[in-house]
Amino acid sequence: TIAAASYIEFSEIAEENLSMKLNPAELGFDPLNLGGKTEEEQHYMQEAELFNGRLGMLAITGFAIQEWFLNSAVVDQIPIFFKPLNVAMEQLMNAQ
């Protein structure tokens with residue numbers, strides 16, 4: 001029983017080490033070839049993806065703070081952002 005338990009433990013440790021070494025960008029899924037051809041381009045795209053993700057998280061945090069501070073939903077404060085594009089453009093054109 002101790003041998004079986006140690007085998008299970010060591011196999012899980014090996015799987016964890018493998019999963020820590022895997023890079024999601026290196027799994028071959030890039031159907032539109034947006035990842036870049038050279039290593040420099042790939043690094044640039046990875047950095048851009050991180051930056052845009054962090055910017056999105058800051059935007060959502062800003063929305064949450066705005067809702068908390070003003071005690072009303074962001075959708076009610078700036079509804080133009082939450083409408084279909086054709087409706088928003090039509091309202092902007094008719095506002096002038």
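Here the residue numbering is sequential within each chain, running from 1 through the sequence in written order. Reporting in this predicted model follows two pLDDT cut-offs: at least 70 for local features of residues, and 80 or more for side-chain atom pairs to be given and counted; totals over whole chains, interfaces and linings ignore these cut-offs and use all residues. Heavy atoms from the whole structure form the basis of all side-chain values; hydrogens and water molecules are not counted.

Colleague: An account of the overall build of the chain is needed here, citing residue identities and associated values.
Modeller: Runs of H or I in DSSP of at least four residues are treated as helices and runs of E of at least two as strands, each being numbered from the N terminus. Across its full length, the chain holds four helices and zero strands. Helices and strands in the chain line up, N terminus first, as α-α-α-α. Scored against the burial criterion, the 96 residues of the chain give a buried share of 2%. Burial classification: accessible surface area is computed with a 1.4 Å probe over protein chains only, and a residue below 20% of its type maximum counts as buried, one above 50% as exposed, and the rest as partly exposed.

Colleague: Explain the packing of aromatic side chains residue by residue, including any values.
Modeller: In summary, the pairing rule links any two rings of Phe, Tyr or Trp, Trp by its six-membered ring, whose centres are within 6.5 Å, and it sorts them by plane angle into stacked for under 30 degrees, edge-to-face for over 60 and tilted for everything else. Tallying each qualifying case throughout the model produces one aromatic pair. Ring centres 6.4 Å apart and planes at 50 degrees place the aromatic pair Phe63 and Phe82 in the tilted group. Here Phe63, found in helix H2 (residues 39-70), pairs with Phe82, found in the loop between helix H3 (74-77) and helix H4 (85-94); they are 19 residues apart in sequence, far enough to count as distant. In this structure Phe63 comes out as partly exposed when scored by relative accessible area, which is 29%.

Colleague: Give a detailed account of the environment of Gly35, specifying residues and quantitative values.
Modeller: Relative to the helices and strands, Gly35 resides in the loop between helix H1 (2-21) and H2. Judged by its relative accessible area of 23%, Gly35 is partly exposed. On a C-alpha basis, the gap between Gly35 and Gln46 in space is 7.9 Å, while along the polypeptide they are 11 residues apart. With residues near it in sequence (within four places) discarded, Gly35 still touches Asp30, Glu41, Gln42 and Met45. Throughout, a residue-residue contact means that at least one pair of heavy atoms, one from each residue, lies within 4.5 Å.

Colleague: Residue-level account of H2, with values.
Modeller: Between its terminal C-alpha atoms H2 stretches 46 Å, which fits the 46 Å expected from 32 residues at 1.5 Å a residue. Count one or two residues on from H2 and you reach Asn71, which has phi positive near 55 degrees. Between the first and last residue of a helix there are one fewer steps than residues, each counted as 1.5 Å, and that sum is the expected span.

Colleague: I'd like to hear about the environment of Lys83, residue by residue, with values.
Modeller: As for its position among the elements, Lys83 is in the loop between H3 and H4. Residue classification places Lys83 among the partly exposed residues on the basis of a relative accessible area of 32%. We define a polar contact as two N or O atoms separated by no more than 3.5 Å, with the added condition that, inside protein, one atom must be a possible hydrogen donor and the other a possible acceptor, whereas residues neighbouring each other in sequence contribute only through side-chain atom pairs. A polar contact of 2.9 Å, which involves the side chain of Lys83, links it to the side chain of Gln91.

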